[in-house]
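Spelled out, the chains give:
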Amino acid sequence: MAFLIVASVFLLFLIWKNYPDDDIAPVSLNIPSGEHNESVAEWVFVPGPLSVEKMKTKGCVADGILSEYGEDTENAVAMVNRSSCVYLHRALETWKSPPDFGKAREIMRKIEKPEIMYGMFIAEAIDKKAEFRYEEGERDFEFARMCRSGSDNVWGEHTCKPTFAKKEYRRYLKQITRQAMDLGIQSFLFGQIYYQDESRKDNEDLAEILDDMRGYAREKNMQIAIGAQTGDIIDEKYLRQFDYIEGGVGIGDDGKIEDGPCWSHLESCWALLWHEKYSQKANDVFLHLDWSGLKFDDMSVFARMEKKKRVETIKNLYGYFTSRDMGFLMPLMATINKENGGCYGPKKRFYSASEEYRCQDEHEINAILETAGK
């Protein structure tokens, strides 16, 4: 047990050490189709029906595109406009930084895909010195009051893990999830839920958060999906509170996945959620090439492959998981190790599938996505 604890602490240190700078974060209703409503003074995106099936078969990881990750938003938007992606996973990020909804709206206006579905990541990392207005309280949020005990500086200076047990954090979540829905975002992913939810056996705080999110969506006559990175949690009642659970696939240098419930690279269990130990207890499973900033994570391994091997890998993963009614989200934008080697996008620590950079995987990704339903 002591060894596992030391190994887990060491892994957290490595993840923080290899994480990118603050500008890049790391681990159906019958309503009209989405449209750009120009009849009002301020541009508004009107989301259309939410299709979980399309999320699973035409979903793409576009990490932080609405938060200007990667530093070349113009190119990222152009790539999305050329793509066959219908769902943009983790498009709006909150890693150590509150969401900038004004910036996100400006970027959404440039994305010319009316049926697009956007996702938001609710991170397990906050900055205690962050500034964000608490509208209902007519004051600034106090982020230091959101922290889980014993988690100070875990993700770097002035950071901590937020916890649902703190009322200030629940207030913050209520506001940002409602503002995100006002913006047209329909998918919400809680990062490493076991850090944010301290008392899973008595999860009234989580129930309050989920009830408010779903209630507000009903008020707006829109459909949302709520997911979580649940790790090795196997409590079926807990898992089924979420519309989907999400995690990495755990590939090796050969592009293949393992056959056990835990990734063999770590002594502690980094859960492979496609395994029946977890997947049979969840409503839906979304999988992707995961990242933590470490050289042995999915994205870093993927980016070091030769192009032919990269294409073969994602084609095999997509076919394998979608044939089992699980979602596999194609990589468009994500973090890689800053000294990874291999291909990369606008920065050495950031992967982009764009034809404008070194990887140039976007055409092959689109070709795979276009096979969905055929």
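Residues numbered from 1 in each chain as written. Predicted model: local features only at pLDDT ≥ 70, side-chain atom pairs only at ≥ 80, totals over all residues. Heavy atoms only, no water.

## Brief notes about the confidence of the model for the protein
- Residues at a pLDDT of 70 or more form 88% of the protein, whose mean pLDDT is 90.
- Across residues 1–36, confidence stays below pLDDT 50; counting only partners more than four residues off in sequence or on other chains, it has 95 contacts. (pLDDT = per-residue confidence, 0-100. Contact = heavy atoms within 4.5 Å.)

## Quick look at the packing of aromatic side chains
- Under the definition given, this model contains 22 aromatic pairs.
- Ring centres of W95 and W155 lie 5.0 Å apart, and the angle between their planes is 65 degrees; on these two criteria the pair is classed as edge-to-face. With W95 in the loop between β4 (87–92) and α4 (101–108) and W155 in the loop between β8 (139–140) and β9 (159–160), the pair connects residues that are 60 residues apart, well separated along the chain. When sorted by exposure, W95 lands in the same class as W155, which is buried.
- Among the aromatic residues, those joined into a cluster by ring pairs are F132, Y134, F141, F143, F164, Y169, Y172 and F190.
- Its end group placed over the ring of Y195, K161 keeps NZ or CZ at 3.6 Å from the ring centre.
- We note R324 situated over the ring of Y320; from NZ or CZ to the ring centre the distance is 3.7 Å. (Phe/Tyr/Trp six-rings, centres within 6.5 Å; stacked < 30°, edge-to-face > 60°. Helix = DSSP H or I, 4+ residues; strand = E, 2+ residues; numbered from the N terminus. Buried < 20%, exposed > 50% of the residue type's maximum accessible area, 1.4 Å probe, protein only. Lys NZ or Arg CZ within 6 Å of the ring centre and 35° of its normal.)

## Considerations on the pairing of strand β11 (residues 225–228)
- Here β11 shows a buried face lined by A225 and G227 and a second buried face lined by I226 and A228.
- For strand β10 (residues 187–190) and β11, the ladder comprises four bridges, and the chain directions are parallel. Bridging from a neighbouring strand, F190 pairs with A228 of β11.
- As defined by bridge partners, β11 adjoins strand β12 (residues 244–248) across two bridges and the pair is classed as parallel. (Pairing = 2+ DSSP bridges.)

## Side note on the packing of α4 against helix α5 (residues 167–183)
- With their axes 11 Å apart at the nearest point, α4 and α5 run at an angle of 20 degrees to one another. Taken together, the axis directions place α4 and α5 in an arrangement best described as roughly parallel. Seen from above, α4 lies across α5 with right-handed handedness. Side by side, α4 and α5 meet where F101, A104, R105 and M108 of the first sit next to I176, Q179, A180 and L183 of the second. (Axes fitted to C-alpha atoms, helices over the stretch in contact; angles between N-to-C directions. Parallel < 35°, antiparallel > 145°, perpendicular 65-115°, else oblique. Left-handed = near helix turned anticlockwise from the far one by under 90°.)

## Some details on the pairing of β12
- By the criterion of burial, β12 is predominantly enclosed, with five of the five residues buried.
- Two strands pair when backbone bridges link them, and β12 and strand β13 (residues 285–288) are joined in this way by four bridges, in the parallel orientation. Note on β13: the bridge partner recorded for E246 is F286.

## Some details on the state of the cysteines
- Under the definition given, this model contains four disulfides.
- The residue that forms a disulfide with C262 is C269, at a sulfur-sulfur distance of 1.9 Å. Taking the sign of the torsion about the S-S bond as the criterion, the disulfide between C262 and C269, at about -90 degrees, is left-handed.
- Since its relative accessible area comes to 26%, C262 is described here as partly exposed.
- Judged by relative accessible area, which is 27%, C269 ranks as partly exposed. (Disulfide = S-S within 2.5 Å.)

## What about unusual backbone geometry?
- Located in the positive-phi region is E71, a residue other than glycine, with phi close to 70 degrees.
- Counting through the fold element by element, E71 comes out in the loop between β3 (59–62) and α3 (73–82).
- Given a relative accessible area of 55%, E71 falls into the exposed group.
- For E138, which is not glycine, the phi torsion reads 55 degrees and is therefore positive.

## Structural notes on the nonpolar core
- One finds L66, Y118, F190, F328 and Y351 to be the most contacted residues of the largest nonpolar core, which totals 116 residues.
- With seven residues, the top contributor of residues to this core is α5.
- Those residues within four positions of Y118 in sequence are excluded, and the remaining contacts are F45, L66, Y87, L88, A91, M108, I111, I185, Q186 and S187. (Core = buried A, V, L, I, M, F, W, Y, C linked by side-chain atoms within 4.5 Å.)

## Quick word on the side chain of E124
- Along the polypeptide, E124 turns up in the loop between β5 (117–122) and β6 (126–127).
- Among the polar contacts made by the side chain of E124, one reaches the side chain of Q192 at a distance of 2.5 Å.
- Aside from chain neighbours lying at most four places away, what touches E124 is W95, W155, C160, K161, P162, G191, Q192, Y195 and Q196. (Polar contact = N/O pair within 3.5 Å; in protein donor to acceptor, adjacent residues only side chain to side chain.)

## A few points about α5
- Compared with the 24 Å implied by 1.5 Å per residue over 17 residues, the 24 Å span of α5 between its first and last C-alpha is a close match.
- In terms of burial, α5 is a largely internal element, 12 of the 17 residues being buried.
- For α5, the set of buried residues is E168, Y169, R170, Y172, L173, Q175, I176, T177, Q179, A180, M181 and L183. (Expected span 1.5 Å × (residues − 1).)

## Overview of the pattern of salt bridges
- The tally for this structure, following the rule as stated, stands at 25 salt bridges.
- The salt bridge involving R170 is made with E208; its shortest N-O contact spans 3.4 Å. You can see R170 sitting in helix α5 and its partner E208 sitting in helix α7 (residues 204–219), a full 38 residues away along the chain.
- Given the relative accessible area of 15%, R170 is considered buried.
- E208 gets classed as partly exposed once you look at its relative accessible area, which sits at 45%.
- Between K309 and E312 there is a salt bridge, with its nearest N and O atoms 3.2 Å apart. (Salt bridge = Lys/Arg side-chain N within 4 Å of Asp/Glu carboxyl O.)

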